[in-house]
Number of protein chains: 2
Amino acid sequence: MSDDAKPPVEFYFDFSSPYAYFASLRIDDVAKLYERSVVWKPIMLGVVFKTTGATPLLDQPLKGEYAKRDLARTTRLLGVDFRLPSSFPFAAIAPSRLFYWLAQDDAARARAYAKAVFSTAFQESVAVNSPDAAADVAAKLGIDRGAALAACNDPEIKEKLRLANEEAVAIGVCGAPYFIVEGEPFWGNDRLDHLERWLATGGW
Amino acid sequence: MSDDAKPPVEFYFDFSSPYAYFASLRIDDVAKLYERSVVWKPIMLGVVFKTTGATPLLDQPLKGEYAKRDLARTTRLLGVDFRLPSSFPFAAIAPSRLFYWLAQDDAARARAYAKAVFSTAFQESVAVNSPDAAADVAAKLGIDRGAALAACNDPEIKEKLRLANEEAVAIGVCGAPYFIVEGEPFWGNDRLDHLERWLATGGW
């Protein structure tokens, strides 16, 4: 990024969030229209929920049933592939750690990995929760499977994810997807329209 | 309604919901574009929350702070008046009962009353929770204040609201605003775009 580049869009997400998956398919293109880069930041919604008191959406009475319809309808509207993983919700600790492991050296590779995790979960319907499953996705991208498995248990990598979660709660991230651009927060796939308008107009 | 009129849009709301207030300013116009009427149905979100386990939005850690920003931003985007009532959230039992009392004889008058309750709460910043406050709004529309006060304690009217709440939970209403058109549910002011597209296209 050159010195005069515009501040990036920060994109907070949990790999197990269907609405974050929808947003992941569009956020880079939306940002690019307005000459913004996107910083992808996987976090654990479970940590956020300890603060907000929320529970997984599909498990909630009434809201869970509604959400299933809304997900199906949104899928058809966006014209994207979507299936719930065979086990859902799943705890995405392992792929989140692998993301930060990859991001140490190569942000683009980490992002490619994130996209592969999302498509594995929500297109191939595979819950990417175990270190084995997370390493399998990495291996398909040509990443050393053994090194990936080791990274899942590397204390330094664990600490990176822990800090990402802590930072997210500290700055107010209350769900996923959650975007911040120059201090302005936008929560939810259905706030991408506000975010885009904000980028287009400079705010209102 | 003539026999061949299209089925109406059902609009479930709680008078104390800011997002329902936003939706109340637009839903009639949106429906009218597609030759639909709107059936307004005030309910008590507190009853819904007993089933979903939710708590008032602005009281929730992280989400409450976010919601205040989102409300302010949405207000500016829509170009509408908006202030939180002096006491918030408020329990809108009294105005909800008065709505159903008025709706017995005159749906249009009940709707005019609902709009006045919303503007009193979110433009004049007055919490419309007590029977006195609810009757004051009615009186401004030329409705007999004493009869309105009596209606707040009429067992038959109380039962109407109780049944409306019960029906809402039974059909899956999980928040407010909540719309149903020919069996398809739409939750949230930010689903008005899906609802409009559904009316325009016949669904997808």
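Quick notes on the rules
- Residues numbered from 1 in each chain as written.
- Chains lettered and ligands numbered in written order.
- Predicted model: local features only at pLDDT ≥ 70, side-chain atom pairs only at ≥ 80, totals over all residues.
- Heavy atoms only, no water.
- Least-squares fit on C-alpha atoms with pLDDT ≥ 70 in both.
- Axes fitted to C-alpha atoms, helices over the stretch in contact; angles between N-to-C directions.
- Helix = DSSP H or I, 4+ residues; strand = E, 2+ residues; numbered from the N terminus.
- Parallel < 35°, antiparallel > 145°, perpendicular 65-115°, else oblique.
- Contact = heavy atoms within 4.5 Å.
- Nonpolar A, V, L, I, M, F, W, Y, C, P; charged D, E, K, R; others polar.
- Salt bridge = Lys/Arg side-chain N within 4 Å of Asp/Glu carboxyl O.
- Polar contact = N/O pair within 3.5 Å; in protein donor to acceptor, adjacent residues only side chain to side chain.

Quick rundown of the relation of the copies chain A and chain B? Include the residues and the values.
Taken as rigid bodies, chain A and chain B are interconverted by a rotation of 180 degrees and an axial shift of 0.0 Å, the fit giving an RMSD of 0.0 Å. Between the two chains, the operation in question is that of a two-fold axis. Of the C-alpha atoms belonging to chain A, the one lying closest to the rotation axis is found on A:D190, 3.5 Å away.

Describe the packing of helix 5 (residues 93–103) of chain A against helix 8 (residues 145–152) of chain A, naming the residues involved and giving the relevant values.
All names here are of chain A. Between helix 5 and helix 8, the shortest axis-to-axis distance is 9 Å and the interhelical angle comes to 110 degrees. Classified by the interaxial angle, the pair formed by helix 5 and helix 8 is roughly perpendicular. Judged by residue contacts, A94, R97, L98 and W101 of helix 5 engage A147, A148, A151 and C152 from helix 8. For the contact of helix 5 with helix 8, the class distribution of residues is seven nonpolar, no polar and one charged.

Report on the interface of chain A and chain B, specifying residues and quantitative values.
If you look at the interface, chain A gives 31 residues, while chain B gives 31 residues. Where chain A touches chain B, the interface holds eight salt bridges. As a salt-bridge pair, B:R69 and A:E184 come within 2.7 Å of each other at their nearest N and O atoms. At the boundary of chain A with chain B, the tally comes to 16 residue pairs in polar contact (both at pLDDT 80 or more). Counting only elements with at least two residues in the side of chain A that touches chain B, the list comes to helix 3 (45–52), helix 4 (63–78), strand 4 (184–187) and helix 10 (192–201) of chain A. Counting residues per element, the side of chain A that touches chain B draws most heavily on helix 4 of chain A, which supplies eight residues.

Function-wise, these values are silent; they only describe arrangement.
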